[in-house]
Each structure stands twice: as structure tokens, then as C-alpha cells.
Amino acid sequence: MKIAFTIDFEDWYQGIDLPFSNWQNLEKRLHIGHYKLLELFQKANVKATYFLLGKTIEDHPKMISEIINEGHEIACHTYSHPFIYKLTPTEFRKELQKSKQLIQSFGINYSGFRAPYFSIDSRSLWAMDILKDEGFTFDSSIFPGDAKRTGIPGFNPRIQQLGNGLIEFPISTVKVFNFDFGMGGGYFRLLPYTFFKESLEKILKERHTIFYIHPWEFDIKQPKVPGINRRIRFTHYVNLYSTEKKIKQLLSDFECTTVSDILNN
Ligand SMILES: [Zn+2]
């Protein structure tokens, strides 16, 4: 059993729900985490799956080429990072089509998708049919548990084929007291590494798992925006200094690979 190592490839301001119209005024710092990740993957000889924002492809074509040239897998994370359950089906389709057009200019196509904020839940399951219709073969958006803003408590945590044929690889979660912790992101920074190591070892005894991280989690000096929700501010900025060391350890302790490598083998 292996860990699918995934990156939601976005800049610091794209993960905290700031209006799209403000993005152009905010400092671009994606390169900091981007080059750190490439270096960590090279040293560990690991290929990962990158869920790309269409807007990132537009702004940073050079970084996208670097990811592709390193042999990592490319997948879609929408164009503008919306909550899927706040979109109409038509708006969602446009997000996919715009992103697809952008990635096709690199001579490749997507087969996988992850929703921003894991926002495919019981309110937005209609999105699965649009993904299928737009040619996607796998999705990794469902958080089987309560993630506050999203999640489907009780959802089957294994890789599975949905009714329409799409393959779902749900986010790996673990229960601590009454909280569902996702394997990655803010949860990974908040808790000690040994907790994650033991949880992953336990899950890996019975199934493949998936891990996620963002480039901005390596960016210790990223700007702080006033006025954002306290809980979001906490999960965004907590223990940023610990990311690099923990990821290095994870890559050396476990066998990590792309989503497609797991699905196709
Ligand atoms: Zn995201």
C-alpha cells in the first residue's frame, strides 16, 4: 500500500477565500514553495500529483513546464478556486473548460480533479456527472467526515467507482476525539509528526491513502491579511515553520507516488 502524494498548486491568497478580483494586487510568492517542493521530490525520487488552478497556469507557465518536465502528474483544481456548492452546474462546467483549454496548450490533458476546499459534498454531488461528461476519470474531492465547511460524514473512505463510472479517491481522514483530521494541510502542521506517522501506518495496513499539501505551507514569511475569519486564519498560518521538516520525514518514511500510479496498478 502506498501514499498518493498530492499538491493543491496555489498561492497563499488563493487558499483563504479572498475575492478573485483582488488577486492581481497581492504579492506573488508561489515560487517559494514551488522550488522547495521540486527539490524535496528530486531528493526523495518521488513523483506527485499536482492539482493546478487555471489561474496559476496563466500566471506561471514556466513553473507548470517545470512540473511537467520533472514527470509529475497534472490534474485540475478549477480555474478560480470557488466553493463548488456555491456554483451553478453551468458555472462549474465553465471552470473546467477554461482550465482544460489552458493545460492543453502544454500538449497534455487532465484526467483528475480536486475541488477547492473539498467542496463537493451532499450539496454539490451533481458535479460528479459534469466531471464525467468533461472527460475526467477520477476525482479526489470528498472529505469523509466533518471538515466544518464541507465533508460527508460516513462516506466510504476507500477508492471506489461511483454510480456514473468516475473513480473517487476520498481524502484520508482520522478521528481524534470528536474531530475528523485530514491527512495533510493545516491538520498536518497542527499535530506532531509522530501522530501522522502512526495514523498513516495504521490506515496503510488496509488501504492506499492520499496526502495533500500546498506550496504556500512552505512560505513562512507570507503576508497576513486582516479581517479573515479567526478559525481560517489559525489553520492557514499555524506552524508553517514545521512543514519542510515534516514533509522530508514523510517522504523518507513512506512510499509515495502519484494518484494515477495507484489507480492503474
Ligand atoms: Zn485549493
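The coordinates are above.
Residues numbered from 1 in each chain as written. Predicted model: local features only at pLDDT ≥ 70, side-chain atom pairs only at ≥ 80, totals over all residues.

Some details on the overall build of the protein chain
Helix and strand content of the protein chain: 10 helices and 11 strands. Rg of the C-alpha trace for the protein chain: 17 Å, near the compact-globule value of 18 Å for 265 residues, within the 12% margin. With respect to the three principal axes, the spread of C-alpha positions in the protein chain is 45 × 45 × 40 Å. Within the protein chain, the proportion of its 265 residues that are buried is 42%. Put simply, 79% of the contacts in the protein chain that link residues at least 6 apart link residues at least 24 apart. (Helix = DSSP H or I, 4+ residues; strand = E, 2+ residues; numbered from the N terminus. Rg over C-alpha atoms; globule rule 2.2 N^0.38 Å. Buried ≥ 20, exposed ≤ 12 C-beta atoms within 10 Å, placed from the backbone. Contact = placed C-beta atoms within 7 Å.)

A look at the packing of helix 1 (residues 30–44) against helix 9 (residues 243–253)
Here helix 1 crosses helix 9 at 25°, and the two axes come no closer than 10 Å. Comparing the axis directions of helix 1 and helix 9 gives the class roughly parallel. The interaxial crossing formed by helix 1 with helix 9 has right-handed handedness. On the side of helix 1, the interface is formed by Lys-36, Leu-40 and Ala-44, while helix 9 contributes Glu-244, Ile-247, Lys-248, Leu-251 and Ser-252. Its residues placed into classes, the contact of helix 1 with helix 9 shows four nonpolar, one polar and three charged. (Axes fitted to C-alpha atoms, helices over the stretch in contact; angles between N-to-C directions. Parallel < 35°, antiparallel > 145°, perpendicular 65-115°, else oblique. Left-handed = near helix turned anticlockwise from the far one by under 90°. Nonpolar A, V, L, I, M, F, W, Y, C, P; charged D, E, K, R; others polar.)

Topic: unusual backbone geometry
Phi angles above zero are rare outside glycine, and Lys-148 is one such case at about 70°. Within the secondary structure, Lys-148 is located in the loop between strand 5 (138–139) and strand 6 (160–161). The backbone of Phe-177 shows a phi angle near 50°, a positive value even though the residue is not glycine. Structurally, Phe-177 is set in the loop between strand 8 (173–176) and strand 9 (179–182).

Comments concerning the nonpolar core
If you look at the biggest cluster of nonpolar residues, it comprises 58 residues, and the most contacted ones within it are Tyr-50 and Leu-52. If one sorts the elements of this core by residue count, strand 1 (residues 3–9) sits on top with five residues. (Core = buried A, V, L, I, M, F, W, Y, C linked by C-beta atoms within 7 Å.)

Some details on the pairing of strand 9
Looking at chain direction, strand 8 and strand 9 are connected through four bridges and run antiparallel. Residue pairing across strands places Val-174 opposite Phe-181, the latter belonging to strand 9. (Pairing = 2+ DSSP bridges.)

Quick notes on helix 4 (residues 89–104)
Between its first and last C-alpha atoms helix 4 spans 22 Å; for 16 residues at 1.5 Å apiece the expected length is 22 Å, and the two agree. Those residues of helix 4 that fall on the buried side of the exposure criterion are Phe-92, Glu-95, Leu-96, Ser-99 and Leu-102. Buried residues of helix 4, seen end-on, are gathered within an arc of 130° and therefore sit on one face of the element. Seen from the open side of helix 4, the exposed residues pointing more than 90 degrees away from its buried face are Thr-90, Gln-101 and Gln-104. The inward-facing, buried residues of helix 4 contact helix 2 (54–59), strand 3 (73–76) and helix 5 (127–133). (Expected span 1.5 Å × (residues − 1). Arc of directions from axis to C-beta.)

Observations concerning the pairing of strand 3
Burial along strand 3 is two-sided: Glu-73 and Ala-75 and Ile-74 and Cys-76, pointing in opposite directions, are all buried. Note: strand 2 (residues 49–52) against strand 3, four bridges, orientation parallel. Pairing of Tyr-50 across the sheet is with Ile-74, part of strand 3.

Details of the environment of Met-63
As for its placement among the helices and strands, Met-63 is situated in helix 3 (residues 61–69). For Met-63, a count of 20 C-beta atoms within 10 Å translates into the label buried. Placed 32 residues apart in sequence, Met-63 and His-31 show a C-alpha to C-alpha distance of 7.9 Å. Other than its neighbours up to four places away in sequence, Met-63 contacts Leu-30 and His-34.

Things to note about the environment of Trp-23
In this structure, Trp-23 sits in the loop between strand 1 and helix 1. Residue Trp-23 is classed as partly exposed on the basis of its C-beta count, with 16 C-beta atoms lying within 10 Å. Taking C-alpha positions, Trp-23 is 37 Å from Asp-253, a pair spaced 230 residues apart along the chain. For Trp-23, the contacting residues outside a window of four places in its chain are Tyr-13 and Gln-14.

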